[in-house]
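# Descriptive structure summary
As a plain string of letters, each chain reads:
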Amino acid sequence: MIPASFDYVRAKSLRDALNAIGTDGTKVLAGGHSLIPMMRFRLAQPGRLLDIGQLAELKGIDLKGRGARIGAGTSYRELLDSPELAERYPLIAEATRGIGDVQVRNRGTIGGGLAHADPASDMPAVMLALGATFNLRSKGGKRSVAAADFFTGAFTTALASDELLIDIALPAPPKKAGMAYASFEQKASGYAIAAAAAVVTKSRKTITGVTLALTGVGDRAYLADASGAVGSHGDDAALEAAVANVTKGIDVNGDIHASVEYRSHLARVVARRAIALALSRAG
Amino acid sequence: MKRSIALSVNGVSHSVEVEPRALLAQVLRDDLNLTGTHIGCDTSQCGACTIHLNGRATKSCTVLAVQAEGAEITTIEGLAKNGALHPLQNAFWEKHGLQCGFCTPGMIMSAADLLASNGSPSDEQIRHAIEGNLCRCTGYQNIVAAIKSAASA
C-alpha cells in the first residue's frame, strides 16, 4: 500500500532541522523503518515529513573516556560494525543482532527506534539497563532526560514536538559486570512478546548488583526490581524468587499472541534467563 | 505534489518526477522499468524488493524515492557485468537456488551484501543474513548452498 500524501522536507543541517521541526503535523523521518510501514498501513498520516536521515552531525559512536556517546542517527548496522562498542557494552550488540533483519538494521537508527517507542522494541530495555541519558535539543535550548523518564507510554516519549533526540550518553558500565539480553519473540514479526536486559555484578560467587529492564510486557519498557537476587549465588530457586514480582504494578498486555497470564509468565522466564546468563558472564 | 529528483541507479543518473509518497520500489519498477526488483508483500517482510543503497541491502518498499536522492542504488540488473553473470547469479543457477524465481533478486542482493563483508560465511551466518528474505517454494537449503558456492567462486 502507498502512504497518504504528505509534504517532504530534507534537513540539510541540524540547525535546519531544528528550525523546521515542531510545526503542526510534522513527523521526523530518520531511517523510516518504523514510520514508513505505519504510513503504508495508514496507521500514521503525517502531513509533513522532516527527513534527518542524511545529517552527519547525528551519526557516530564516541568511546572516549569510559562511557559512550552514540549519535541518534547511527544505524543498527553501524552499532554492530563497532567491535569496541560491543566490547564495552556487549548487551547492545546482543540485542541489536536480533532487531528486525539485515535490511532493517542497515537503515533503522537507534535514535529513530527510541523516539518511536514501540512497546515491544528491544533497545529501550537495553538503554534502561545501561542507565542511558538522552540528550535532546530544540531551537530554544537543550536538555537531558534519563532513559527511565523518557518512555511515557505506547509510542509516546518525553520528547516535545519541537525537540530532536541528538545523542545517547552511556555511563561506564559497572566494573566486571556481566550483561545479557533474553527475548521470547513472536516468530513471524520478531518482536518481543517479552524480553529482558540484565546487568549483573558479583563478588566471588555472590551477586552484588542486578539491573533489570523488561520490554514487550506493558505499554512501555521499564526497570523491574530484581534486587532479591543480590546476596545469592544465583541458583535457580534464588532467581525464581527474585523475578517473582517483575510485573508487579504493570498493566500487562494481553493480545492474540499471549494472554496476560502467559505474557506475565514469559516476563519472569526471560528475566530469569537474562540474569542467569549475565551472571555467567560476570567476573 | 510531484517533484523532480535525481536517482543514481546502476551507475546511471536518472531524473524522475515523483510524489514524496512514492516508494523507491515502485519508482524503480514503474518509472525506470527495472522490474527485476520485485514487490512481494505489503509489510516490509518478504525482502523481494531488496536493492543496495550505498552498498547496503535495503528493502526498497520501505524507502521513499525522495530519501534515495544522492545515494548510489544498485538493483539486480546492475550485478551482471559486460554480459557475464555475477558469481551469485551463476551459483543460484548451478545449485538450483530457485524454482519460481520470485524471491531470487532479493535473495541475491542480500547475499551480495553479506559476501561484501564476509568472504567465507558459515551456513549459520548465511541463514542469519537472509533472515529478511522469504522463499515460499525452493526452500532454503539450495539457496544457502548457492551462496556458499558463490563465496568460494
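Starting from 1, residues in each chain are numbered consecutively following that chain's sequence as written. To label them, take the chains in the order written and letter them from A, then take the ligands in the order written and number them from 1. Two thresholds apply to this predicted model, a pLDDT of at least 70 for residue-level local features and 80 or more for giving and counting side-chain atom pairs, whereas whole-chain, interface and lining totals are computed over all residues. Computation of side-chain values: all heavy atoms of the structure, hydrogens and water removed.

## Thoughts on the packing of helix α2 (residues 87-94) of chain B against helix α5 (residues 140-151) of chain B
Residues and elements named next belong to chain B.
- Between N-to-C directions, angles cover 0 to 180 degrees, with each direction set by a line fitted to C-alpha atoms, over the stretch in contact for helices. Runs of H or I in DSSP of at least four residues are treated as helices and runs of E of at least two as strands, each being numbered from the N terminus. Put simply, α2 and α5 touch, their axes get as near as 8 Å, and they point 135° apart. Compared by their axis directions, α2 and α5 come out oblique. Here the hand of the crossing between α2 and α5 comes out right-handed. Residues Pro87, Leu88, Ala91 and Phe92 of α2 form the contact with α5, whose own contacting residues are Ile143, Ala146, Ile147, Ser149 and Ala150. In what follows, roughly perpendicular refers to angles from 65 to 115 degrees, roughly parallel to angles under 35, roughly antiparallel to angles over 145, and oblique to any angle outside these ranges. By convention the crossing between two helices is left-handed if the near helix lies anticlockwise of the far one by an angle smaller than a right angle, and right-handed if it lies clockwise. In this analysis, two residues are considered to be in contact whenever any of their non-hydrogen atoms come within 4.5 Å of each other.

## What to know about the domain arrangement of chain A
- Domain delimitation follows an automatic or database domain assignment. For chain A, the assigned domains read domain 1 (7-48), domain 2 (59-170) and domain 3 (178-281).
- Taking the mean C-alpha position of each, domain 1 of chain A and domain 3 of chain A sit 34 Å from one another.

## Digging into the side chain of B:His52
Residue and element names in this part refer to chain B.
- By the secondary structure assignment, His52 is in strand β3 (residues 50-53).
- When its relative accessible area of 8% is taken as the criterion, His52 is described as buried.
- Each polar contact in these results corresponds to two N or O atoms within 3.5 Å; when the atoms are within protein, one needs to be able to donate a hydrogen and the other to accept it, and residues that are neighboring in sequence are counted only if both atoms are side-chain atoms. At a separation of 2.6 Å, a polar atom in the side chain of His52 contacts the main-chain carbonyl oxygen of Met109.
- Each residue touching His52, except ones within four places of it in the same chain, is listed here: Ala57, Glu72, Ile73, Thr74, Met109, Ala112 and Asp113. For each residue, the accessible area found with a 1.4 Å probe, counting protein chains only, is set against the maximum for its type, and the residue is called buried under 20%, exposed over 50%, and partly exposed in between.

## Some points on the pattern of salt bridges
- Counted as salt bridges are all cases of a side-chain nitrogen of Lys or Arg within 4 Å of a carboxyl oxygen of Asp or Glu. Counted under the stated rule, the structure contains 15 salt bridges over all chains.
- Where A:Arg40 meets B:Asp42, a salt bridge forms, and the shortest distance between an N and an O atom there is 3.1 Å. With one member in each of two chains, A:Arg40 in helix α2 (residues 35-40) and B:Asp42 in the loop between α1 (24-31) and β3 form a pair that bridges those chains.
- In the salt-bridge network here, residues are joined through shared partners; they are A:Arg77, A:Asp81, B:Arg56 and B:Asp113.

## Some words on the interface of chain B and chain A
- Contact with chain B, which involves 34 residues of that partner, is made by 34 residues of chain A.
- Take the accessible area each of two parts loses on contact, using a 1.4 Å probe, and add the two losses: that sum is the buried area. Buried area between chain B and chain A, summed over both chains or domains, comes out near 2600 Å², and the portion from carbon and sulfur atoms is 48%.
- Together, B:Arg21, B:Asp42 and B:Gln67 form the three largest contributors to the area buried by chain B at its contact with chain A, with a combined 25%.
- In this structure, the salt-bridge partner of A:Asp101 is B:Lys59, at a minimum N-O distance of 2.6 Å.
- Across the chain B-chain A interface, the total number found is 19 residue pairs in polar contact (both at pLDDT 80 or more).
- Counting only elements with at least two residues in the side of chain B that touches chain A, the list comes to β3, β4 (56-59), α3 (104-117) and α4 (123-129) of chain B.
- Sorting elements by how many residues they give to the side of chain B that touches chain A places β4(B) first, with 4 residues.

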